[in-house]
Amino acid sequence: MLYAIIGEDVPNSLEKRLAARPAHLARLSELEAAGRIVLGGPFPAIDSPDPGPAGFSGSLIVGEFESLAAAQAWADADPYVAAGVYAKVTVKPFRQVFPK
């Protein structure tokens, strides 16, 4: 089943985010290689694809996991969690309708 993982950044997270980004991307690459990721990416803090020093306000990952508990465990082990980038992480079951 698919699950949406929504991470909400702490204020002024850019420095922590950049430091933890290589490890974060490595985990996402593992999901991609296994064919288990639908999409993933950050929310720019301003209305721009490159927010520069404004940074990001969080991230969204939609991926396939065996269960809600497995998705939550995966989210809890994210390097952004360990680095203090995320103030809050929400994991919810997700049903993809589009694209078909």
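Scroll up a little and you will see the structure.
Scope of this entry: the structure provided in the associated data block. (Residues numbered from 1 in each chain as written. Predicted model: local features only at pLDDT ≥ 70, side-chain atom pairs only at ≥ 80, totals over all residues. Heavy atoms only, no water.)

### Overview of the sheet that holds strand β2 (residues 37–44)
Pairing between the strands of a sheet is mediated by backbone hydrogen bonds and can be parallel or antiparallel.
Here's step 1: Strand order in this open sheet of four strands is β2-β3-β1-β4, and the pairing throughout is antiparallel. Since the sheet does not close on itself, it has two edges, and those belong to β2 and β4 (86–94), each with one partner. When strand polarity is set aside, the average angle formed by the axes of neighbouring strands in this sheet is 10°.
Here's step 2: Examined bridge by bridge, strand β1 (residues 2–9) and strand β3 (residues 56–64) share seven bridges and lie antiparallel to one another. Bridging across to β3, I5 finds its partner in I61. (Pairing = 2+ DSSP bridges. Helix = DSSP H or I, 4+ residues; strand = E, 2+ residues; numbered from the N terminus. Axes fitted to C-alpha atoms, helices over the stretch in contact; angles between N-to-C directions.)

### Here's the deal with the side chain of D78
Here's step 1: In this structure, D78 sits in the loop between α2 (68–76) and α3 (79–82).
Here's step 2: Relative accessible area serves as the criterion here: at 2%, D78 is assigned to the buried category.
Here's step 3: At a separation of 2.7 Å, a polar atom in the side chain of D78 contacts the main-chain amide nitrogen of Y80.
Here's step 4: When residues no more than four places from it in sequence are discounted, the contact partners of D78 are H24 and R27. (Buried < 20%, exposed > 50% of the residue type's maximum accessible area, 1.4 Å probe, protein only. Polar contact = N/O pair within 3.5 Å; in protein donor to acceptor, adjacent residues only side chain to side chain. Contact = heavy atoms within 4.5 Å.)

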